[in-house]
Every structure is written in C-alpha cells, then in structure tokens.
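If you want the building blocks of each chain, they are given just below.
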Amino acid sequence: MTRVLKVYRAECFSPNSVERDRAIMDAVGEVLSNRGYVVDGLNETDLTAEAAADVFISMARTPRALAVLKEKEREGCLVVNSPAGVEMCKRSVVDRLMRDNNIPAAPLDGADGYWIKRGDEAAQQKEDVVFVANEGEKRRVLELFAHRGISDVVVTAHVKGDLVKFYGVTGTGFFRTFRHCANGYSKFGDEAVNGLSHGYGFPQERLQGDAERLAALAGVAVYGGDCIVRRDGSYAIIDFNDWPSFAMCRGEAAEAIAGKVVSVVCGK
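No experiment lies behind these values; they were computed from the predicted model shown. (Residues numbered from 1 in each chain as written. Predicted model: local features only at pLDDT ≥ 70, side-chain atom pairs only at ≥ 80, totals over all residues. Heavy atoms only, no water.)

**Here's the deal with the sheet that holds strand 11 (residues 235-242)**
Then, number 1: Strand order in the open sheet formed by 4 strands is 9-8-10-11, with antiparallel pairing between adjacent strands. Lying at the two open borders of the sheet, with one neighbouring strand each, are strand 9 (174-179) and strand 11. Looking at each pair of strands side by side, their axes are set apart by 20° on average, direction ignored.
Then, number 2: Alignment of strand 8 (residues 162-169) against strand 9, held across 6 bridges, turns out to be antiparallel. Considered in strand 9, the bridge of Lys 165 is made with Phe 178.
Then, number 3: Of the strands in this sheet, strand 8, strand 9, strand 10 (222-229) and strand 11 are in contact with helix 6 (residues 204-218), which crosses strand 11 at around 40°.
Then, number 4: Strands strand 8, strand 9 and strand 10 of the sheet are contacted by helix 7 (residues 250-267), whose axis makes an angle of about 155° with strand 9. (Pairing = 2+ DSSP bridges. Helix = DSSP H or I, 4+ residues; strand = E, 2+ residues; numbered from the N terminus. Axes fitted to C-alpha atoms, helices over the stretch in contact; angles between N-to-C directions. Contact = heavy atoms within 4.5 Å.)

Here it is as structure tokens:
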C-alpha cells in the first residue's frame, strides 16, 4: 500500500496564511486517502531522515528539510514539489529565468515607482516587499534591506493595470486565474497599489503557456503567481512561487495535484 507523507510549510513562510496553506495540503491528502493511499503528515521543522513514505507532498522551504527531501528522492521516493525546484523558486532566480527565456516580466525602469523585494527567499514579512514612488525612496529602502543583511534584492518598475492571480499544476491542464477584488484575500495589502480591476482582457492561453514554461524551467509541478494585465492586454508576471494555498480553487486544485501524484506513481 502506497504511503504518503504531507510535509506542512513552516509558519515563518506562511505569513497571514498558515491555515490556508495547511488546508490545501489536507485537501490533497484527503483525495489521496479516498483513493486508497495511507496518508500522514508533519511540519517541515519535524522532518528527519527517519521519515518513511513512498510519496512526499511537500510545501517545505527550510534548507534542512529540503536536504532531507533530496535524500528521499535519491532513495527513489516521489517528492512533489521537487526540493531542487523549490530552491529555484527564489525570487532572484525566477526573475533571471523569465528574462533569459523571454517570459514577460516587469520592466527594470519606469516612471510610476518601483517594487523592491528580497530575492533570496519568499516574503516572510511586510518589509520584504516594498513599493517606493521615486529614486530617493528606492535608495532609502535599499539601505534598509542592506541593514537587515539582505543583499539579494530584486528591483523592478511598477506596472499599471489589473492584478491577476494564477494557479496551476503542470501536465494536468489545471490552470485558473482570478482578478483581485475589494474583499479579496491579501497577505500584506500590497494589491491596493494597483487598485480594483478594470476588467482588461488578456490571452489566458498565452499566460498559461508562459506560466507552464516557467514552472518547467524552475522544476516545480505545483505553482502559482501574480501578473499585471495592462490596458492593451499585455501582461507582466510579477510573482511566481512553489505551491500556493489555492484558496480560491482549493477543491479543484486538490484533485489536480492528487491526480498528478497518482499518474506518476502508477507510471513507475
């Protein structure tokens, strides 16, 4: 009987989203349990080399947990998302992947302000992602990042338009987009900079293709992100991450993720 271990994300990587992140893991676990898999779970801070399973469905991000999961992969276990892929989802790496592979990213220069974001890890607090209106503020915030010991920083120009969140599972056809709305969930409130949606149209199939290509380049199967859709329908991907909470489409996402796991297990 196939054993599955859910590895929950450490709370420091789930700012204002701990319950949402646990909920998607539990939803996937429930689908797999209903399909006959034996499912258990633990926090990534409790993951050790002694953990036994055939499949690890993991939101882990700490270096220690990722090292354990790499060893599990070497032993022949299936790990979703791959720990090497999670490491590739650092913001500065994703930014480089997009620019090197002609995937629409935010411009580096502009007249409407800048976003300054830590590039070494996902945002853990509001100060990790900061909007500044001008060059003077940009210099001041960069100094604050340096004072915190953060030298890996991504700076991009602000893009005016509609904020669109996207979620996907590679190779399954599952891809969903949602526009930000006034009562929409927000970790830090940064969505307010762009304001409410204007309803600008955009080529969803093209966005899906770019997102799937970026996921493949990074090496993750379960992904999500944000993009800004401009008035003319063009877009810029401004955020991309491994295994989001899928809060707005949790049930569908859980089925897709579980289906991905089953297809790989059955294909071995």
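**Looking at the pairing of strand 5 (residues 114-118)**
Then, number 1: Counting buried residues along strand 5, 5 of its 5 residues qualify, which places the element largely inside the surrounding structure.
Then, number 2: Residues Tyr 114, Ile 116 and Arg 118 line one face of strand 5 and the alternating positions Trp 115 and Lys 117 line the opposite face, and both faces are buried.
Then, number 3: Strand direction decides the pairing type here: strand 5 and strand 6 (residues 129-132), joined by 4 bridges, are antiparallel. If you follow Lys 117 over to strand 6, its bridge partner there is Val 129.
Then, number 4: Of the pairings in the sheet, the one linking strand 5 to strand 7 (residues 153-157) comprises 5 bridges and is antiparallel in character. Bridged to Arg 118 within strand 7 is Val 153. (Buried < 20%, exposed > 50% of the residue type's maximum accessible area, 1.4 Å probe, protein only.)

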